[in-house]
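Descriptive structure summary
Each chain is listed here by its residues.
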Amino acid sequence: MRNKRLGLWAVWLGLASVAALCFPLLPDDTPPTKIYVNTVGVSSVLMAFLGIFRNRPEHRRPWLLFASGMALMVAGDITYDVTELRLGEYPYPFWADAMYLCAYPFLLVPGMIRLSRGNRDRDRGALLDVAVIATGIGLIYWVFVVGPALTGHGTPILERFVTIGYPFCDVMLTVAAARMFTRPENRTPSLRLLGLGSCIMLTGDLFYTTASSTAEYTGGFVDSGFLMAYICWGASALHPSMRQRPQTGIEPYQVGGRRLAVLAACTLLAPGLLFLQGLQDPAKIAWAGIGTGAMVLFLLVVARTWGFVKQVQRQAGKLEDLAMHDELTGLANRRGFERRLTTALAAGSPYVLLLDLNGFKAVNDRFGHAVGDELLVVIAHRIADTLPDSALVARMGGDEFAILLPGCDQDRCDELADRLHTTIRFPVHAGGHDLLVGASIGITGSDELHVDQDEMLRRADVAMYAAKAAGGRRHRWYAAELDSQAGEEARLGADLRAALGSGEFFLVYQPIVELPSGDAVAVESLIRWQHPERGLVSPADFIPVAERNGLIIELGQWILRTACRQYRTWLTRGVAPRHVGVNVSARQLAEPGFVDSVAAILAETGVSPHQLVVEITETTVFGGGVAVRAVRELHELGIAIALDDFGTGHSSLGVLQSVPVTILKVDKSFVENVTVSDRHAVIASSLIQLTDGLGLIAVAEGVETAEQAEALHRLGYRRAQGYHFGRPVPDPFTQVRLGLPTSA
């Protein structure tokens, strides 16, 4: 039954449209022709009432009023034709005009406007757009109809009144139709048909009015337009989408090219009419009407432009706010904190407290990341409630928080740190559990003139690690001797934070090649740290520290953004491989909003998701939960997932069942002895058979000799990576590629 209802409106629209378009082919002003045209009109009214009674809309009364307005319009058509047949000529104005003018209130006020109104607050920009369109249409009517009617002194007053009434009603119809199309909640098929019929009716009225004022009106396709308006109105009532009121929770449209074209055309009507009248008869130019219309249009465009400016400012403010706040807790993030700290240092001598939760990792490991996130939100609110109004608290990443205290002193800092210890130690109810955590707090001031934001945070970090080493029950102030007393991890963690701000990190890229040609088909991005004192620090030393202190979140975003920008540069140069790979840790996958941040960076850099490979290890997703969900969401974006170091984790085959892997990177331990050990060759062969059977791509890692590459190719491997093909360098496409021996 539903299919029949869905199809009825389309059948009516198709058949009736054919009938309307055939109307100009019939003889003019004959009784059969008039019967034909009025049959289409009456049928449209009947279809409108039929649709109302079949679909039973929630807002039935406006639909009934609108259909009644249609009936008055068609009754006016019948009256006009009957009068013309009886008297030989239609006396203007007469009863048909009364019916036409009486129909407009039914169509506009209780009908069309209420049908498309919804419950949203007014969109001022859309109202200004409507005003521009209505002013442009009104200007046309003024020049061709209203102006001449007002200056025609020999015209009876009733005729003048009726003549001016039509343009007024058409301008109101313009307002209603334009408002319908500028409200996003009116995008239902029913209301689109309603608006389309109104636009066709308005266009027909414009042609009729201008033709009647300049030459003899002959009907034809203009009358077909009036019939199409009736037909669209009938189809709008037949369509099932008319049953419910428009949705009101939809954001306003972005102003697109079509709306701008309509607005531009309306603003050009004033000079266009001036040019047209000047060509016809310069002495009869309607200077007052055109000048007034041009002034009104100018003011409306200025108001609309100002609205655009304010909208851009509001959106920029929202983006700025999002960029400076943590999604999970609503607190400021690292970027927002560093900006405020820079301002505070320029204005005075602020203090910084750095706080790391003790026992949070155990909560995450035992109860999962969802419970851990709930705990973080509670702790964040507790910290914020403990601070004075002038302070700023930020979540720096993971379970680490920072507090900025401008205009404070050491005694108040000590007192605040003690209060924080007390409030954090209270049990937190999360996930149905009462959880206990503590805090390690480091404090530093800015008494020295040369201290910048990076140094402030480094010192607070050193003090926090010292507090953690002492058991985390008391806070610690930074002192110079802590730099030499702090453990290696504490110093490394503090240096990591400073390195991000001072640009000490850089990326290198190792090619992944196709066998046997040796052509690069992808690259893997690898981070390096050039420390000013330590020299080149191994990722094996600093990545675990970054994961523990939460800095891996910001570091991972920097890696992804830098790799994508470099890949974009290669695309511009025409040397880009098919994919660029980026390693992602378990801590990153567990971070709320991680997938959204990846999508945002791809959009920002112009890199397609299909060109990115996210590399994970088996241990990254071994526990399932949030990490696996994040990997699946990345896969749904079109990003390829590579399983790194395959064969060395907890349960390699189990991971393949739960994670949407595209690429398997076979660990170098299975590759390095492939030419000297039959056992290793058998394992490598089994792995390539496994990947082929699963439809995956196998990449052999750690290939260091031509013999290994040749043996792997014989076993079936078609992709490889290792020093034999190229060491990690800032731009691998300036290096010489090594493939298999030419005899292979």
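Residues numbered from 1 in each chain as written. Predicted model: local features only at pLDDT ≥ 70, side-chain atom pairs only at ≥ 80, totals over all residues. Heavy atoms only, no water.

The strand order across the open sheet built from 5 strands is β2-β3-β1-β6-β7, with neighbouring strands paired in mixed fashion. Each edge of the open sheet is held by one strand with a lone partner, namely β2 (392-397) and β7 (476-477). Bridge count for strand β1 (residues 351-358) against strand β3 (residues 400-405) is 6 bridges, and the pairing is antiparallel. Along β3, the bridge assignment pairs Tyr351 with Leu405. Packing of helix α16 (residues 453-469) onto the sheet brings it into contact with β1, β2, β3, β6 (438-444) and β7, and relative to β6 it is tilted by some 140°. (Pairing = 2+ DSSP bridges. Helix = DSSP H or I, 4+ residues; strand = E, 2+ residues; numbered from the N terminus. Contact = heavy atoms within 4.5 Å. Axes fitted to C-alpha atoms, helices over the stretch in contact; angles between N-to-C directions.)

Here the focus is the packing of helix α22 (residues 594-605) against helix α23 (residues 626-637). Viewed as axis vectors pointing N to C, α22 and α23 meet at an angle of 30°, and their least axial separation amounts to 9 Å. On the basis of their axis angle, the class for α22 and α23 is roughly parallel. For the element pair α22 and α23, the recorded crossing hand is right-handed. On the side of α22, the interface is formed by Phe594, Val595, Val598 and Ala599, while α23 contributes Ala630, Glu633, Leu634 and Leu637. Taken together, the residues of the contact of α22 with α23 sort by class into 7 nonpolar, no polar and 1 charged. (Parallel < 35°, antiparallel > 145°, perpendicular 65-115°, else oblique. Left-handed = near helix turned anticlockwise from the far one by under 90°. Nonpolar A, V, L, I, M, F, W, Y, C, P; charged D, E, K, R; others polar.)

This part takes up the pattern of salt bridges. According to the stated counting rule, one finds 24 salt bridges in the structure shown. Of the charged contacts in the structure, one is a salt bridge between Arg334 and Glu554, with a shortest N-O distance of 2.4 Å. With a gap of 220 residues between them, Arg334 in helix α12 (residues 334-347) and Glu554 in helix α20 (residues 552-573) connect regions that are remote in the sequence. Taking relative accessible area as the criterion, Arg334 reaches 5% and is therefore assigned buried. Notably, a salt bridge pairs Glu514 with Arg578, separated by 3.9 Å at the nearest N-O pair. Here Glu514 is found in strand β8 (residues 505-514), whereas its partner Arg578 is found in the loop between α20 and β11 (579-583), with 64 residues between them in sequence. Using a relative accessible area of 29% as the deciding quantity, one classes Glu514 as partly exposed. Its relative accessible area of 44% is what places Arg578 among the partly exposed residues. (Salt bridge = Lys/Arg side-chain N within 4 Å of Asp/Glu carboxyl O. Buried < 20%, exposed > 50% of the residue type's maximum accessible area, 1.4 Å probe, protein only.)

Leu589 and Tyr717 are the most contacted members of the largest nonpolar core, which totals 72 residues. Filtering out sequence-adjacent residues up to four positions away, Leu589 remains in contact with Val584, Phe594, Ile616, Thr620, Val621, Val626, Ala627, Ala630, Val631 and Leu634. Judged by nonpolar contacts, the second largest core, of 70 residues, contains Trp63, Val171, Leu206 and Cys232. (Core = buried A, V, L, I, M, F, W, Y, C linked by side-chain atoms within 4.5 Å.)

To continue, consider the packing of aromatic side chains. On inspection of all chains with the given rule, the structure shows 9 aromatic pairs. Here Tyr230 and Trp233 contribute two aromatic rings whose centre-to-centre distance is 6.3 Å and whose plane-to-plane angle is 50°, an arrangement assigned as tilted. Remark: Trp233 and Tyr230 occur in helix α8 (residues 221-238); sequence separation between them is 3 residues, near one turn of the helix. Counting every residue linked through ring pairs, the aromatic cluster contains Phe505, Trp529, Phe542 and Trp558. Just above the ring of Tyr723 sits the side chain of Arg727; from NZ or CZ to the centre is 3.9 Å. (Phe/Tyr/Trp six-rings, centres within 6.5 Å; stacked < 30°, edge-to-face > 60°. Lys NZ or Arg CZ within 6 Å of the ring centre and 35° of its normal.)

Viewed as axis vectors pointing N to C, helix α10 (residues 269-280) and helix α11 (residues 287-323) meet at an angle of 160°, and their least axial separation amounts to 9 Å. Classified by the angle between their axes, α10 and α11 sit roughly antiparallel to one another. You can see that α10 and α11 cross each other, and the crossing is left-handed. On α11, the residues that touch Ala270, Leu273, Leu274 and Gln277 of α10 are Trp287, Ile290, Ala294 and Leu297. In terms of residue class, the contact of α10 with α11 is built from 7 nonpolar, 1 polar and no charged.

This paragraph deals with the environment of Thr675. With respect to the helices, strands and loops of the structure, Thr675 is situated in the loop between β14 (663-666) and α25 (678-694). Under the relative-accessibility criterion, Thr675 is labelled partly exposed at 41%. Between the alpha carbons of Thr675 and Leu712 there is a distance of 8.8 Å; along the sequence they are 37 residues apart. When residues no more than four places from it in sequence are discounted, the contact partners of Thr675 are Glu707, Gln708 and Ala711.

Let us look at the side chain of Asp97. Mapped onto the fold, Asp97 is located in helix α4 (residues 95-115). Of the side chains bearing the opposite charge, Lys34 lies closest to the buried Asp97, which forms no salt bridge; the N-O distance is 14 Å. A distance of 2.9 Å separates a polar side-chain atom of Asp97 from the backbone nitrogen of Phe94. Look past the residues within four positions of Asp97 in its chain and what remains in contact with it is Tyr90, Tyr92, Val162 and Tyr166. (Lys, Arg positive; Asp, Glu negative; His and termini not counted. Polar contact = N/O pair within 3.5 Å; in protein donor to acceptor, adjacent residues only side chain to side chain.)

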